[in-house]
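Summary of the model geometry
Chain residues, written in single-letter form:
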There are 2 protein chains.
Amino acid sequence: MDTTQRTEQQRSADRRRRELLEAADRVVLRDGPQASMNAIAAEAGITKPILYRHFGDKGGLYAALAKRHTDALLDSLRAALDAPAERRERVEATLDTYLAAIEARPQVYRFLMHPAEGGTAAEQGFDVGKHSAPLLRRMGEELAQVIEDRLDLGPESQRLARVWGHGIVGMMHAAGDWWLGERPCSRAELVRSLADLLWGRLAAAGDRIGGPGF
Amino acid sequence: MDTTQRTEQQRSADRRRRELLEAADRVVLRDGPQASMNAIAAEAGITKPILYRHFGDKGGLYAALAKRHTDALLDSLRAALDAPAERRERVEATLDTYLAAIEARPQVYRFLMHPAEGGTAAEQGFDVGKHSAPLLRRMGEELAQVIEDRLDLGPESQRLARVWGHGIVGMMHAAGDWWLGERPCSRAELVRSLADLLWGRLAAAGDRIGGPGF
DNA sequence: CAAATGTGTTACTAGCGGTAACACGAGTCT
DNA sequence: AGACTCGTGTTACCGCTAGTAACACATTTG
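The structure presented is a predicted model; accordingly, all values stated were derived computationally and were not measured.

1. Quick look at the overall build of chain A
Counting its regular elements, chain A contains 11 helices and two strands. Listing every helix and strand of chain A by position from the N terminus yields α-α-α-α-α-α-α-α-β-α-α-α-β. The buried share of chain A, taken over its 214 residues, is 42%. Long-range pairs, those at least 24 residues apart, make up 61% of the contacts in chain A with a sequence separation of at least 6. Surface exposure of chain A reaches about 11,100 Å², of which carbon and sulfur atoms provide 52%.

2. Thoughts on the pattern of salt bridges
Counted by the stated rule, this structure contains 46 salt bridges over all chains. We note a salt bridge from Arg192 of chain A to Glu156 of chain B, for which the minimum N-O separation is 3.4 Å. With Arg192 of chain A in helix α10 (residues 187–198) and Glu156 of chain B in the loop between β1 (151–152) and α9 (157–182), this pair bridges two chains. For Arg192 of chain A, a relative accessible area of 35% puts it in the partly exposed group. By relative accessible area, which is 27% here, Glu156 of chain B ends up partly exposed. Residue Asp96 of chain B is joined to Arg187 of chain B by a salt bridge in which the shortest nitrogen-to-oxygen separation is 2.9 Å. With a gap of 91 residues between them, Asp96 of chain B in helix α5 (residues 87–104) and Arg187 of chain B in helix α10 (residues 187–198) connect regions that are remote in the sequence.

3. Side note on the protein's contact with DNA strand C
Surveying the vicinity of DNA strand C reveals 17 residues, the closest of which are Thr47 and Arg53 of chain A together with Lys48, Tyr52 and Lys58 of chain B. The contact atoms of DNA strand C, taken as those within 4 Å of the protein, divide so that sugar and phosphate hold 51%. A distance of 2.5 Å is found between a base nitrogen of DNA strand C and a side-chain nitrogen or oxygen belonging to Arg53 of chain A. Between Lys48 of chain B and DNA strand C, the recorded distance is 2.7 Å, taken from a side-chain N or O atom to a base oxygen. Those elements that provide at least two residues to the surface near DNA strand C are α1 (3–31) and α3 (48–55) of chain A together with α3 (48–55) of chain B. The element best represented in the surface near DNA strand C is α3 of chain A, accounting for four residues.

4. A look at the interface of chain B and chain A
Where the parts come together, the accessible area they lose is often given as the size of the interface. Chain B puts 56 residues into the contact, and the matching count from chain A is 55 residues. When chain B packs against chain A, the two sides together hide about 5,500 Å² of surface, and 54% of this comes from carbon and sulfur. Taken as a group, Trp178, Leu202 and Arg208 of chain B account for 14% of the area that chain B buries against chain A, more than any other trio of residues on that side. The interface formed by chain B and chain A holds eight salt bridges in total. As a salt-bridge pair, Glu189 of chain B and Arg159 of chain A come within 3.2 Å of each other at their nearest N and O atoms. The tally of links from chain B across to chain A stands at 18 residue pairs in polar contact (both at pLDDT 80 or more). Those elements that place two or more of their residues in the side of chain B that touches chain A are α1 (3–31), α5, α8 (134–150), β1, α9, α10, α11 (201–204) and β2 (206–207) of chain B.

5. Re unusual backbone geometry
Glycine aside, a negative phi is what most residues show, and trans is what most peptide bonds show. All names here are of chain A. For Arg183, which is not glycine, the phi torsion reads 50° and is therefore positive. Assignment of secondary structure puts Arg183 in the loop between α9 (157–182) and α10. Assessed through its relative accessible area of 43%, Arg183 is described here as partly exposed.

6. As for the relation of the copies chain B and chain A
When chain B is fitted onto chain A, the two copies agree to an RMSD of 0.2 Å after a turn of 180° and an axial shift of 0.0 Å. With respect to symmetry, the two chain copies, as superposed, fit the operation of a two-fold axis. Of the interface residues in chain B, 95% have counterparts in chain A that sit at the interface too, so the contact is made through matching surfaces.

7. Structural notes on the packing of aromatic side chains
Tallying each qualifying case throughout the model produces zero aromatic pairs over all chains. Above the ring of Trp199 of chain A, the side-chain terminus of Arg88 of chain A is found at 5.4 Å from the ring centroid. Of note, Arg183 of chain B hangs over the ring of Trp179 of chain B, and the distance from its end group to the ring centre comes to 4.7 Å.

8. Here's the deal with the packing of helix α5 (residues 87–104) of chain A against α10 of chain A
The packing of two helices is summarised by the inter-axis angle and the distance between the axes. Residues and elements named next belong to chain A. Interaxial distance between α5 and α10 falls to 9 Å at its minimum, and their mutual angle equals 135°. Taken as axis vectors, α5 and α10 run oblique relative to one another. For the pair α5 and α10, the sense of crossing is right-handed. Contacts between α5 and α10 involve Arg88, Val91, Glu92, Leu95, Asp96, Leu99, Ala100 and Glu103 on the former and, on the latter, Arg187, Leu190, Val191, Arg192, Leu194, Ala195, Asp196 and Leu198. Considering only residue class, the contact of α5 with α10 consists of nine nonpolar, no polar and seven charged.

9. Here we look at the confidence of the model for chain A
Residue and element names in this part refer to chain A. Across chain A, pLDDT averages 84, with 84% of residues at or above 70. Per-element averaging of pLDDT across chain A places helix α7 (residues 122–125) at the bottom with 34 and α10 at the top with 97. A low-confidence stretch, residues 1–5 (pLDDT under 50), is modelled with zero contacts involving residues beyond four sequence positions or located in other chains. Across residues 116–132, confidence stays below pLDDT 50; counting only partners more than four residues off in sequence or on other chains, it has 12 contacts.

Scoring rules and cut-offs
- Residues numbered from 1 in each chain as written.
- Chains lettered and ligands numbered in written order.
- Predicted model: local features only at pLDDT ≥ 70, side-chain atom pairs only at ≥ 80, totals over all residues.
- Heavy atoms only, no water.
- Helix = DSSP H or I, 4+ residues; strand = E, 2+ residues; numbered from the N terminus.
- Buried < 20%, exposed > 50% of the residue type's maximum accessible area, 1.4 Å probe, protein only.
- Contact = heavy atoms within 4.5 Å.
- Areas by Shrake-Rupley, 256 points an atom, 1.4 Å probe, with all protein chains shown as cover.
- Salt bridge = Lys/Arg side-chain N within 4 Å of Asp/Glu carboxyl O.
- Near = heavy atom within 4 Å.
- Polar contact = N/O pair within 3.5 Å; in protein donor to acceptor, adjacent residues only side chain to side chain.
- Buried area = accessible area lost by both parts, 1.4 Å probe.
- Least-squares fit on C-alpha atoms with pLDDT ≥ 70 in both.
- Phe/Tyr/Trp six-rings, centres within 6.5 Å; stacked < 30°, edge-to-face > 60°.
- Lys NZ or Arg CZ within 6 Å of the ring centre and 35° of its normal.
- Axes fitted to C-alpha atoms, helices over the stretch in contact; angles between N-to-C directions.
- Parallel < 35°, antiparallel > 145°, perpendicular 65-115°, else oblique.
- Left-handed = near helix turned anticlockwise from the far one by under 90°.
- Nonpolar A, V, L, I, M, F, W, Y, C, P; charged D, E, K, R; others polar.
- pLDDT = per-residue confidence, 0-100.

Following this line, the structure appears as structure tokens:
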């Protein structure tokens, strides 16, 4: 029952845990989302059962690994969202922050986007704590909170903020994913185009000749 | 070399193929994206190798199954996009069509969106359909085409249209996914909120008290 | 000293995607 | 008729995966 014993051993366990996470990080960076538990264990210089003792199952390792990156990315996004600047500038900075992150480490973010997708049927029965689609949902909720806190949207503000939060995050994600694959333009151009979309240029645009009347 | 023989046998093969696809459809509707080849074969009353003879590998079966639903959904979306009405009405009709579809058969569309399922390493070698979501890409390209055809967006119209196509589709998808999970409001409310976002209400909204200056 | 605890191993299960080898039936060619 | 092809179906297998049991070693704690 000594606290000294517990803290000392726990400290060692935490250090190992961090080392294992870093090894997993390396493997995911190299092999992408298909990284196997065997490969991660080998990279860490150990064998599988240790991974399972530390993280329970693959979902646990995924969750721990995801938390690191989502927390880091969300911190960057919060900084961009909270910068003292015009709204348009803040929106563009936020978009650019996200796109720069996925551009720098595409494999990691592809890994983060795909939820658990377990092999066995254990996932389907009861998912008390792990059903969440982690990164996208968290970003959506976070953005929704910022929108609701800072914008005056009238009586439906709460619902509007949440819908917009998830919608904008989805827009950012899908456009970023497509852009990463095709690279049809520079990052700055993409940012400007998306901000234009959010700024109502879709509604303001004129019809082409032979337009919607037909 | 008779044409009659060939067409006869091919007709039979096509019929079997359709039957197998319908069995696969049933299993996916029941078991979700984790449906295994064994389960599909059992549902069809046969064994695995026949599936592989017809569809090559799991990706082929996925692609064939996906094509059916994507084509059907895209047809509905095109109809909504081409309706003779105001732009705002068309946008809302398109959003509502998509949301009604995913509401009616959530499992199918979850299957279509999350195909990647890291099986063996064989999948990694030749990636016919490895891209995260053919449905999202196709919808994005399709919408981009409609936007470019019908809107006058100035000199950068082509790039803008493609970015917006993928962005709007991503917005629709992410918001729909979140909405399906939480059901925080009615479908009509969601449609209106998203259309409001696209109509520039984000840019037009006023600041809250103690706003961005802090 | 002995008990407990974290670290590590080998060896295994069950299921997956995918494939070879073989067997049967129905039309076709000579 | 007999041989030949071709599509349909099987069983039995491969290599891989996630996950687990059983056992061994070191270290700290009572």
